[in-house]
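Residue-level structure breakdown
As a plain string of letters, each chain reads:
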Amino acid sequence: MTEVKLNDIGEGMTEAEIMQILVEPGASVSVDEPLVEIQTDKLTAELPSPVAGVVEKIHAKVGDIVQVGNAVVTVSAAGETISEEHKTAQPSEGNSMGSRTNESAESGVNDELMPFNSKTGHVLAVPHTRKIARDLGVDIEHIQGTGPSGRVTEEDVYAFSAHPKSGVDNKTYESVRSEAGSAEPGLAESGLSQASQPESGALASSVRGIASASPAVRKLAREYGVDLADIRGSDGLGRIRAEDITAHQAGPAVTQSIVQTISAEVKSQEAKSSDAREIPFRGRRRAIAKKMSQSMFTIPHVTHFDEVDVTDIFAVKESLKKVDPEKNVSVAAFYIKALQFALQEVPIFNAKLDEENEVIRLEQEYNIGIAADTEDGLIVPVIKNVEKLSVFQIHTQMKQLIKKAKENRLTAADISDGTFTVSNVGPMGSTGATPIINYPECALMAFHKTKKTPVVRDNDEIVIRQVMNISMTFDHRVADGAKAVQFTNHFIKYIENPNLLLVDLG
Amino acid sequence: MAISARVETRQMTLVQAVTDALRTMLRERDDVLLLGEDIGKNGGVFRATDGLMDEFGEERVMDTPLAESGIIGSAIGMAINGFRPVAEIQFLGFIYPGLNQIMTHATRMRSRSLGRYSVPMVIRAPYGGGVRAPEIHSDSMEALFTHMPGIKVVVPSTPYDAKGLLISAIEDPDPVLFLEPLRSYRAGRGDVPEGKYSIELGQAATLKEGNDVSIFAWGAMIPKALKAAEKIEQEQGITCDVIDLRTLYPLDKDAISASVQKTGRAVIVHEAQSTGGVSGDIMSVINDTSFLYLRSPIERVTGYDMPVPMFSLEDEYLPNEDRIRHAIKKSVNF
């Protein structure tokens, strides 16, 4: 039996909600076949089957909150069945094995066994099993035991080794066993190493209890005050890299809730529940709330309002469309480019405050998060390195990210490392807001509705222009109002004089 | 061309085989002497030296006072001076007054004299329980001696081995403690070749072959281990290697590791107390040579950590077939 447990799939999550159950008891599943869909604070992910086999039991139902480490589905591995057959195929061993099971139950000799030692992270296995694993080039710590108290059995090792992912496609316990030379120890010292290596990376971080990281990375984590146990390594072997620490530091990307959203879970809840006034406060909604409170009660927020004449940007957009219909770029992409230029001129808003070390860290990359409204609430995918992207590239990436957000397909990488956030609520309406900063960033800008407005020019001439309100919230610990005005002035300058964007393009 | 050899054998008990070995060596070598309490006229408490004084005379088969220290000390003196004395201690439990002689002189003479002198003597002592003997008569204190560097500890379990091993012990250039399981003295008979033959010390014997568990035992535990192994094979199809270690110091590490590496499991049976028992050394050999082959923890079936009790409770103290079978099952079902 293999218990498929909820693993920490990133950023120190502790629980997840079951969104969908994709298999039924009795169903055959192959390795990596999705079993359930879960939603964590930030992401939706599928829990794949670590083994090929038959679904024995599903421990949760849709809507359940499952804690990390708890079993979600039990799958009887194909290896188990095969090994049983193998046992009965060999009369001498078969006899004894058959009766051993009964004996074991009778005598209760396994009572003294210690269960899986979660403290050390070591799996239980007798030395002989460990030797087989070593000879087969399998890391036994990656194997889920099916023996008494979760002990890894020889059969588990052979089944794991026969795992298609390991590159020994379609090999059964028996064939691997015979290929390995013999189950009889001492006879097969050589030649065993030919058996393939399993893909260790994918499983490593989920099964191992001990974080793997180099001393330098550990030092970095200590400097940041980050617990390595909370971080998922991304180097393919589950090892934690420096980037993982900084990504973790950047924090989950959730920003202010401007728009009332009704999540799918709420809808379904309302349909089922007779008392429609109760909305479950869970999942992303709760994560947003947590993040908002953290930001609001940590950062002294100040919001500064202004208005921008976007007529010329709209004109540029229209003329571009005429030149090449393919280059139909949304104005938001121009805003983001303009923001990058403004941030370069007033870098204090592309920064993070490291209170512990008493440092304001000016970020060298311009990673602009875009608040996206989804069924389940607000989420902030990040356009990375805007300084290296053209307006058109910004536009393309923005579209892709928003699409992924709507489809709940964002990955941890998509929503990490932001340095500044924008919230484009203009298309929906609104004239002003007091956005909450996407902690631990320092500032955020909301774009409101663009409307035709009579504008009095310097020569007292009244003209009709497209005007958009902006709300710019900043961390008053890091900067003061004057800086914020400076910053918005730069932004307005670029938007009102689109040619400057051309001149300043790097 | 077929080669055939005819060996004359006689059915003997273990104690008769001991006598036969002594007689053979007394005949073979003039330097062999026997000494001990009542071994002469009386033929020894278990009749192990019966008739030898008549045959070889008082100068070669000597009755001594009831003083173990004196017996062993005298033997040491004779050994250093060119004899090959065989001293009898009536029961192993009586040897304690002689421990000082063994530890201080017999075991370290070779080392002390930088190899100039050796002590080619044998101490024979019946040991072990199961015969309803009074207090101290049933002790199984072999581990006291395996812990003494410089003395070999040999325990036969069959008449054949008793003769062959005793002859080797007498011919050994260093002191040998030869422990005779008194329960096995007259428990059965076996074919014993006439004349001189020897069994190399330090070599274990595989009495039964199997694939699931290795059982290590010696002396009077061997018949029990064999019976338990046969029974469990009939009942459950579990097959056992039954290995008679025969020499407890030095242990046959090769035999131990070869068997454990074959079966992956081990059960050690001895009637001595568990703590500090020879089983600990066997476990250490397994650990050193065969750790990676283990499929289950090593099991021990031993006496309890207490003096061997009075005879009414003796059967509770001694390992029996059921306890051995339980240990085998536990080992296999782990």
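Residues numbered from 1 in each chain as written. Chains lettered and ligands numbered in written order. Predicted model: local features only at pLDDT ≥ 70, side-chain atom pairs only at ≥ 80, totals over all residues. Heavy atoms only, no water.

**Side note on the overall build of chain A**
Note the threshold: The secondary structure listing takes helices from DSSP runs of H or I that are at least 4 residues long and strands from runs of E that are at least 2 residues long, numbered from the N terminus. Only protein chains enter the calculation, and the probe is 1.4 Å; a residue is then buried if its accessible area is under 20% of its type maximum, exposed if over 50%, and partly exposed in between. Residues count as neighbours in contact if any of their non-hydrogen atoms are within 4.5 Å of one another. Working definition of accessibility: Shrake-Rupley area with a 1.4 Å probe, residue cover restricted to the visible protein chains.
In terms of regular secondary structure, chain A is built from 15 helices and 20 strands. For chain A, the proportion of its 506 residues judged to be buried stands at 46%. Relative to all contacts within chain A whose residues are 6 or more apart in sequence, the contacts with residues 24 or more apart total 63%. As displayed, chain A has an accessible area near 24300 Å², and 51% of this comes from carbon and sulfur atoms.

**Details of the environment of A:Ile348**
Residues and elements named next belong to chain A. In this structure, Ile348 sits in the loop between helix H12 (331-345) and strand E12 (351-354). When its relative accessible area of 16% is taken as the criterion, Ile348 is described as buried. Excluding its chain neighbours within four sequence positions, the residues that come into contact with Ile348 are Ile360, Leu362, Cys442, Val478, Ala479 and Lys483.

**Some words on the packing of helix H8 (residues 221-236) of chain B against helix H12 (residues 321-333) of chain B**
Residues and elements named next belong to chain B. Put simply, the rule reads: Working convention: axes come from line fits to C-alpha atoms, limited for helices to the stretch in contact. Angles between N-to-C directions cover 0 to 180 degrees. Any angle between 65 and 115 degrees counts as roughly perpendicular, while under 35 counts as roughly parallel, over 145 as roughly antiparallel, and the rest as oblique. Less than a right angle of anticlockwise turn of the near helix away from the far helix marks a crossing as left-handed, whereas a clockwise turn marks it as right-handed. In this classification, the charged set is Asp, Glu, Lys and Arg, the nonpolar set is Ala, Val, Leu, Ile, Met, Phe, Trp, Tyr, Cys and Pro, and all remaining amino acids, among them Gly, are polar.
Remark: H8 packs on H12, axes separated minimally by 9 Å, with the N-to-C direction vectors making an angle of 55°. The orientation of H8 with respect to H12, classified from their angle, is oblique. Taken as a pair, H8 and H12 cross one another with a handedness that is right-handed. On the side of H8, the interface is formed by Lys224, Ala225, Lys227, Ala228, Lys231, Ile232, Glu235 and Gln236, while H12 contributes Glu321, Ile324, Arg325, Ile328 and Lys329. For the contact of H8 with H12, a count of residues per class yields five nonpolar, one polar and seven charged.

**Let's talk about the nonpolar core**
Burial of nonpolar side chains together is a common tendency in soluble globular proteins. Inclusion rule: The criterion is simple. A nonpolar core is a set of buried Ala, Val, Leu, Ile, Met, Phe, Trp, Tyr and Cys residues joined through side-chain atoms within 4.5 Å.
One finds A:Phe349, A:Phe420, A:Phe487 and A:Phe491 to be the most contacted residues of the largest nonpolar core, which totals 54 residues. At the level of secondary structure, the elements contributing two or more residues to this core comprise H12, strand E14 (368-370), helix H13 (391-406), strand E18 (420-424), strand E19 (443-456), strand E20 (462-475) and helix H14 (481-496) of chain A. Here this core gets eleven residues from one element, more than from any other, and that element is H12(A). Within the second largest apolar cluster, 46 residues are counted, among which are B:Ala125, B:Leu248, B:Leu251 and B:Val278.

**Some details on the sheet that holds strand E6 (residues 53-58) of chain A**
Residues and elements named next belong to chain A. The condition is simple: A strand pair is defined by DSSP finding two or more bridges across the two strands.
Here four strands make up an open sheet; going across it, the order is E1-E8-E6-E3 and the pairing antiparallel. The open sheet has two free edges, formed respectively by strand E1 (2-5) and strand E3 (28-29), since each of these has just one partner strand. Across two bridges, the pairing between E3 and E6 is antiparallel. Each bridged residue has a counterpart across the sheet, and for Val29 the counterpart in E6 is Gly53.

**Section: the sheet that holds strand E3 (residues 61-63) of chain B**
Residue and element names in this part refer to chain B. Pairing within the open sheet is mixed, and its seven strands lie in the order E3-E2-E4-E5-E7-E6-E12. Of all the strands in the sheet, just E3 and strand E12 (247-249) have a single pairing partner and so form its edges. Going across the sheet, the axis of each strand differs from the next one's by a mean of 20°, ignoring polarity. Here strand E2 (residues 32-36) pairs with E3 via three bridges, running parallel. Opposite Leu34, over in E3, you have Val61 as the bridge partner.

**Details of the packing of helix H1 (residues 14-28) of chain B against helix H7 (residues 159-171) of chain B**
Residue and element names in this part refer to chain B. Two elements in contact, H1 and H7, have axes whose closest approach is 8 Å; the angle formed by their N-to-C orientations is 35°. In the packing of H1 onto H7, the handedness of the crossing is right-handed. Along the contact surface, H1 presents Leu14, Ala17, Val18, Asp20, Ala21, Leu22, Thr24 and Met25, while H7 presents Pro159, Ala162, Lys163, Leu166, Ile167, Ile170 and Glu171.

**Considering the packing of aromatic side chains**
Here a ring pair, both rings aromatic, is described through the centre-centre distance and the interplanar angle of the planes. Heads up, the rule is: For this analysis, a ring pair means two rings from Phe, Tyr or Trp (six-membered ring only for Trp) whose centres lie within 6.5 Å, classed as stacked if their planes differ by under 30 degrees, edge-to-face if by over 60, and tilted for the remaining angles. The rule for a charge over a ring is simple: NZ of Lys or CZ of Arg within 6 Å of the ring centre, and within 35 degrees of the ring normal.
Counted under the stated rule, the structure contains twelve aromatic pairs over all chains. Centroid distance A:Phe349 to A:Phe474: 5.8 Å. Interplanar angle 70°. Geometry classified as edge-to-face. Here A:Phe474 lies in strand E20 and A:Phe349 lies in the loop between H12 and E12, a separation of 125 residues in the sequence. Pairing B:Phe46 with B:Phe91 gives two aromatic rings, centres 5.4 Å apart and planes at 70°, and the pair type is edge-to-face. Highlighted residues: B:Phe46 in the loop between E2 and helix H2 (52-56) and B:Phe91 in the loop between strand E4 (84-88) and helix H4 (99-106), separated in sequence by 45 residues. As far as the burial class goes, B:Phe46 and B:Phe91 line up, both buried. Joined through ring pairs, the aromatic side chains of A:Phe349, A:Phe420, A:Phe474 and A:Phe487 make up one cluster. Directly above the aromatic system of A:Phe392 lies the positively charged group of A:Lys327, at a separation of 4.3 Å from the ring centroid.

**Examining helix H10 (residues 278-290) of chain B**
Residues and elements named next belong to chain B. Put simply, the rule reads: Helix span, expected: 1.5 Å multiplied by one less than the number of residues in the helix. For this quantity, the arc is that covered by the directions from the helix axis to the C-beta atoms.
Between the first and last C-alpha of H10 there are 18 Å, a value that for 13 residues agrees with the 18 Å anticipated at 1.5 Å per step. For H10, every residue scored as buried is listed here: Val278, Ser279, Ile282, Val285, Ile286 and Ser290. Seen end-on, H10 carries its buried residues on one side only, within an arc spanning 110°. For H10, the secondary structure elements touched by its buried residues are helix H6 (142-146), strand E10 (213-217), E12, helix H9 (253-263), strand E13 (266-273) and strand E14 (299-303).

**A word on H4(B)**
If you check which residues of H4(B) are buried, you get B:Gln101, B:Ile102 and B:Ala106. When H4(B) is viewed along its axis, its buried side chains cluster within an angular range of 100° and face the same direction.

**As for the confidence of the model for chain A**
All names here are of chain A. Let me state the cut-off plainly: Per residue, pLDDT captures the predictor's confidence, and it can take any value from 0 to 100.
Here chain A shows a mean pLDDT of 75. Residues at 70 or above account for 73%. Scored below 50 in pLDDT, residues 164-177 shows 34 contacts in the model against residues more than four places distant or in partner chains. Taken together, the stretch residues 179-209 has pLDDT below 50 and engages in 61 contacts with residues farther than four places along the chain or on a different chain.

**Focus on the pattern of salt bridges**
Residues and elements named next belong to chain B. Filter applied, for reference: The term salt bridge refers to a side-chain nitrogen of Lys or Arg lying within 4 Å of a carboxyl oxygen of Asp or Glu.
The tally for this structure, following the rule as stated, stands at 38 salt bridges over all chains. Note that Arg29 and Glu171 form a salt bridge whose closest N and O atoms lie 3.8 Å from each other. With a gap of 142 residues between them, Arg29 in the loop between H1 and E2 and Glu171 in helix H7 connect regions that are remote in the sequence. Residue class for Arg29 comes out partly exposed when judged on its relative accessible area of 23%. When its relative accessible area of 27% is taken as the criterion, Glu171 is described as partly exposed. Among the ionic pairs, Glu171 bridges to Lys196, the shortest N-O distance being 2.6 Å. With Glu171 in helix H7 and Lys196 in the loop between strand E8 (190-193) and strand E9 (205-208), this pair connects stretches of sequence that are 25 residues apart. Lys196 sits in the partly exposed class, given a relative accessible area of 36%.

**Side note on unusual backbone geometry**
Excluding glycine, residues mostly have negative phi values, and the peptide bonds linking residues are mostly trans. With an omega of 5°, the peptide bond running from A:Tyr439 to A:Pro440 counts as cis. Structurally, A:Pro440 can be placed in the loop between E18 and E19. The residue after B:Tyr249, namely B:Pro250, is reached through a cis peptide bond having omega 0°. With respect to the helices and strands, the residue B:Pro250 is situated in the loop between E12 and H9. One non-glycine residue with positive phi stands out, namely A:Asn408, at about 60°. Secondary-structure assignment places A:Asn408 in the loop between H13 and E18. Look at A:Asn408 and you get partly exposed, because its relative accessible area is 21%. Even without being a glycine, B:Ile136 presents a positive backbone phi close to 75°. Position of B:Ile136 relative to the elements: it lies in the loop between strand E5 (122-127) and H6.

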